[in-house]
Protein chains: 2
Amino acid sequence: MTERKNIAIVGAGLVGSLLSLYLAKRGHKIDLYERRPDQRQFAEDGGRSINLALSDRGWRALRGIGIEEEVRQVAVPMHGRMMHDDKGNLSFLPYGKEGQFIYSVSRAGLTVALVNLAEKKENVKLHFNRQLTHLDVRINELQLRNRDTEEVERIKPDILFGADGAYSAVRSEMHKRELYDYSQSYLEYGYKELTIPPAAGGGWQLDKNALHIWPRGNYMMIALPNIDGSFTCTLFFPHKGPLSFESIKTETQLFAFFQNSFADAILLMPDLAQEYFANPVGSLVTIKCFPWSFEGKAMLIGDAAHAVVPFYGQGMNAGFEDITVLDQMLDNFTGDWRDLFERFERKRKPDADAIADLAVLNFIEMRDKVADPRFLLRKKIEAKINEKYPHTWLPLYSMVTFSDLPYSYALETGRKQDEIMELVMPHIQAPEDFGKQEVQDLLHKLLQEEERLKPYSKVK
Amino acid sequence: MTERKNIAIVGAGLVGSLLSLYLAKRGHKIDLYERRPDQRQFAEDGGRSINLALSDRGWRALRGIGIEEEVRQVAVPMHGRMMHDDKGNLSFLPYGKEGQFIYSVSRAGLTVALVNLAEKKENVKLHFNRQLTHLDVRINELQLRNRDTEEVERIKPDILFGADGAYSAVRSEMHKRELYDYSQSYLEYGYKELTIPPAAGGGWQLDKNALHIWPRGNYMMIALPNIDGSFTCTLFFPHKGPLSFESIKTETQLFAFFQNSFADAILLMPDLAQEYFANPVGSLVTIKCFPWSFEGKAMLIGDAAHAVVPFYGQGMNAGFEDITVLDQMLDNFTGDWRDLFERFERKRKPDADAIADLAVLNFIEMRDKVADPRFLLRKKIEAKINEKYPHTWLPLYSMVTFSDLPYSYALETGRKQDEIMELVMPHIQAPEDFGKQEVQDLLHKLLQEEERLKPYSKVK
């Protein structure tokens, strides 16, 4: 057992509160500071996504503190994507093999569950309504304004974690020193959350076990099921332009747009106009930075280190995996926090960059390609390749969602698979063409050339 | 003639002062604000490069205000790179064809010349010692602290230009709004400036008409001639590591390092230790951002919009070319500044990104490759290809330095040339192999395939 430290975590969201539980298990004394009020007493503030996709990497981190089953009780499994075309026709694309699901969970519900667990720990202390106003990273001194009393507290923990999200105050303060690589990049799209309420007699108005997508080329809507029978819809739409958040100013324009683009959904959305004009437009940012740590004293984690756009459903999962990776390194910890943090960020940075890039690529796929029959045919062929070569070919989506292979490995392998599919697909017009001898021979040859397409054997 | 505007330019360095001259020519009323004191009365502050490489894009912008010949009087032409190997052997690589030179000019001297010209204009007013402390970009209101009197002035120009360099205060203030793409990326190298003084009897101690390079793989030194007979040397060296700015702490270590790495230079550097321990270590940053403008009211230009590392000698030239491009657009100006600024940034951004990337690539080339005989052989072969196919093959360095082809076109064409050279060089062991029939046939075939390798016909 290494020395017990006084550790401050700024941010008691999903990643901060889960991290407190992992560090508490190792005997450290944790203070967990949160800018907002205790969500268990106040309604959550607006503008943040209401439900989230939880997949294997996230489950693994929850399993580590023994709350996997508890969370699964309130999670809704989604077996695949349900595409709604502009005539209201549905088509279904499974996410993985039989039994491989992602789950829709409530952000607020999961956060509250983690905070409740943290509160029960003797060595974790919660502090709500505390806003970081200053950080002197050289001596690890923080100033936190108590938003109830307006008093300023000064603390000087041994170790500081910044788990305070995409617009991290810890990062901004660390950022003031030189030689800090940083980038923020916005999509030209924003998002707005809308609701499909439960049916009059209770229950879901659309297939509850799917992530619904209305892909429309230049924009799209998605819907994820909630445990109460409702769906939370998210409209991804350009900020500006002829058809955009900026262009829709009246109810007439709104209904005309929805009637034209989402005719089957509008019937299920009685509060559309009220919600549309009341809810804020969120923006979609990718943030990359390096280093994440400072001299073994302070460390960014989760969105604070690597905010991604939501299109791979991996934001929370990547943040939780940070904790899993850190916890594994703590198994063989020498007590040198600087060395630990530097090894952690070197290992984790390429994976954080990869999921950021994958999320942007998946935006394009969801928006444009899932409505394209050639794309759907290709997905079917890839499933067949996976079936025939289960140890050689794991689809990209499965590597990201249903494995713990490094994201960077998934991205690289996905690119190699793209190259192979570019060569194979010209020979294929229908799913049954997969059985043709020329296709089988070509595929066999290409897979032999691509020795590195063996995720499990090579990486694990 | 469009409406005359009150224009504020923040930053009276090279780009800001040249811009004031161009805008004054069009009849606008210009206020030029500079954080530092008037350089004509005070010695310049340390830490900034003393001389700069001026090439065709820069000359073109100076020609536009009629001071080309005046500057050429105090510029030292450099015909090529003079490599110093670790035994003191010299080899020379010309920059271009006969008569194609770049020029070493004094940053302070050129700035003073431009400021003097600006001061003479009736419609340009200079304000030194004015620090931007606040900018409300929505209403274009600036607060400027007078560093002499500590008074704060408030101004509200019609149009604002931020020409205040890589660490632009205008950009930081614009940056506070949402949806602003930004990245800063540091090399792991810093730089330090040192001097080779004139010979005892006057004159230069090295060939004055060359840019001298001591390439050493993991680090390098360069030297540019000054008009007074001295050379300004710049040591590019890792910030940290076994052999780095961090590792050299004593004179003994310094002399041992220079003796080992720059034996021929150390003989010419009597003030080495004094300068080395007195002069600051500069850092090498690439800054990209977008958009550059805000609602037709404010616009970033030069390093404020696109800071690059110095290894292509194009920082000043790119900033000056911004002005040339803007001036061309002003020839057919409708009076709509928003439209002007948006067209300008859309046109110029890909070129700014390209020169940023080219500068980082050239760092690697200067540091590692110019000491490699295969690389030098390749450069000779490329010169022969250029001679034989003058309208089809312009070397990358020439496109950047001796043409006004867009930087983005140069980068793309350079990549195509790389692909061709990868196929050609395996057939070549010596310069005379260029004449072999197989080489000529291969080259002919590759160039025919690459229809786009015709810079002048396609772009101009």
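Cut-offs used in this document
- Residues numbered from 1 in each chain as written.
- Chains lettered and ligands numbered in written order.
- Predicted model: local features only at pLDDT ≥ 70, side-chain atom pairs only at ≥ 80, totals over all residues.
- Heavy atoms only, no water.
- UniProt positions renumbered as here; feature names shortened; annotations may be inferred.
- Phe/Tyr/Trp six-rings, centres within 6.5 Å; stacked < 30°, edge-to-face > 60°.
- Helix = DSSP H or I, 4+ residues; strand = E, 2+ residues; numbered from the N terminus.
- Buried < 20%, exposed > 50% of the residue type's maximum accessible area, 1.4 Å probe, protein only.
- Domains from an automatic or database assignment.
- Least-squares fit on C-alpha atoms with pLDDT ≥ 70 in both.
- Contact = heavy atoms within 4.5 Å.
- Salt bridge = Lys/Arg side-chain N within 4 Å of Asp/Glu carboxyl O.
- Polar contact = N/O pair within 3.5 Å; in protein donor to acceptor, adjacent residues only side chain to side chain.

- Labelled according to an unreviewed UniProt entry, chain A appears under the name Kynurenine 3-monooxygenase, originating from Pontibacter qinzhouensis.
- Reading the Catalytic activity (unreviewed entry) entry of the UniProt record for chain A gives the comment "L-kynurenine + NADPH + O2 + H(+) = 3-hydroxy-L-kynurenine + NADP(+) + H2O".

1. Topic: the packing of aromatic side chains
At step 1: One pass over the structure, following the stated rule, counts 47 aromatic pairs over all chains.
At step 2: Here Tyr182 of chain A and Tyr182 of chain B contribute two aromatic rings whose centre-to-centre distance is 6.3 Å and whose plane-to-plane angle is 40°, an arrangement assigned as tilted. Taken together, the residues Tyr182 of chain A in strand 13 (residues 181-196) and Tyr182 of chain B in strand 13 (residues 181-196) connect one chain to another. You'll find Tyr182 of chain A and Tyr182 of chain B in the same group, each marked buried.
At step 3: Aromatic pair Tyr189 of chain A and Phe363 of chain A: ring centres 4.9 Å apart, planes at 75°, arrangement edge-to-face. Here Phe363 of chain A lies in helix 10 (residues 337-368) and Tyr189 of chain A lies in strand 13, a separation of 174 residues in the sequence.

2. Some remarks on the domain arrangement of chain A
At step 1: Splitting chain A by domain gives domain 1 (6-76 + 105-183 + 286-362), domain 2 (185-283) and domain 3 (372-459).
At step 2: Put simply, the middle of domain 2 of chain A and the middle of domain 3 of chain A, counted by C-alpha atoms, are 34 Å apart.

3. Some thoughts on the relation of the copies chain A and chain B
For the pair of chain copies, the relating operation is a rotation around an axis with a shift along it.
At step 1: With an RMSD of 0.0 Å, the fit of chain A onto chain B corresponds to turning through 180° and sliding 0.0 Å along the axis. Each copy turns onto its partner about a two-fold axis. Within chain A, the C-alpha atom positioned nearest to the axis of rotation is that of Ser183 of chain A, 1.9 Å from it.
At step 2: Interface overlap between copies is the fraction of interface residues in one copy that are interface residues in the other; for chain A against chain B it reaches 100%, indicating a shared surface.

4. Side note on the UniProt feature "transmembrane region" (unreviewed entry) in chain A
At step 1: Mapped onto this numbering, the UniProt entry annotates "transmembrane region" (unreviewed entry) at residues 6-24 of chain A.
At step 2: When the span residues 6-24 of chain A is considered, its composition is 58% helix and 26% strand, and the gap between its end C-alpha atoms is 11 Å.

5. Describing the pattern of salt bridges
At step 1: According to the stated counting rule, one finds 60 salt bridges over all chains in the structure shown.
At step 2: In this structure, the salt-bridge partner of Asp353 of chain B is Lys349 of chain B, at a minimum N-O distance of 3.0 Å. One end of the pair is Asp353 of chain B and the other is Lys349 of chain B, both in helix 10 (residues 337-368) and four residues apart, which spans about a single turn.
At step 3: Overlapping salt bridges bring together Arg57, Glu321, Asp322 and Arg348 of chain A as one network.

6. Some remarks on the side chain of Ser403 of chain A
Residue and element names in this part refer to chain A.
At step 1: Looking at the element boundaries, Ser403 is found in the loop between helix 12 (396-401) and helix 13 (407-424).
At step 2: Exposure remark for Ser403: the relative accessible area of 6% places this residue in the buried category.
At step 3: Among the polar contacts listed, one links the side chain of Ser403 to the backbone nitrogen of Leu405, at a separation of 2.9 Å.

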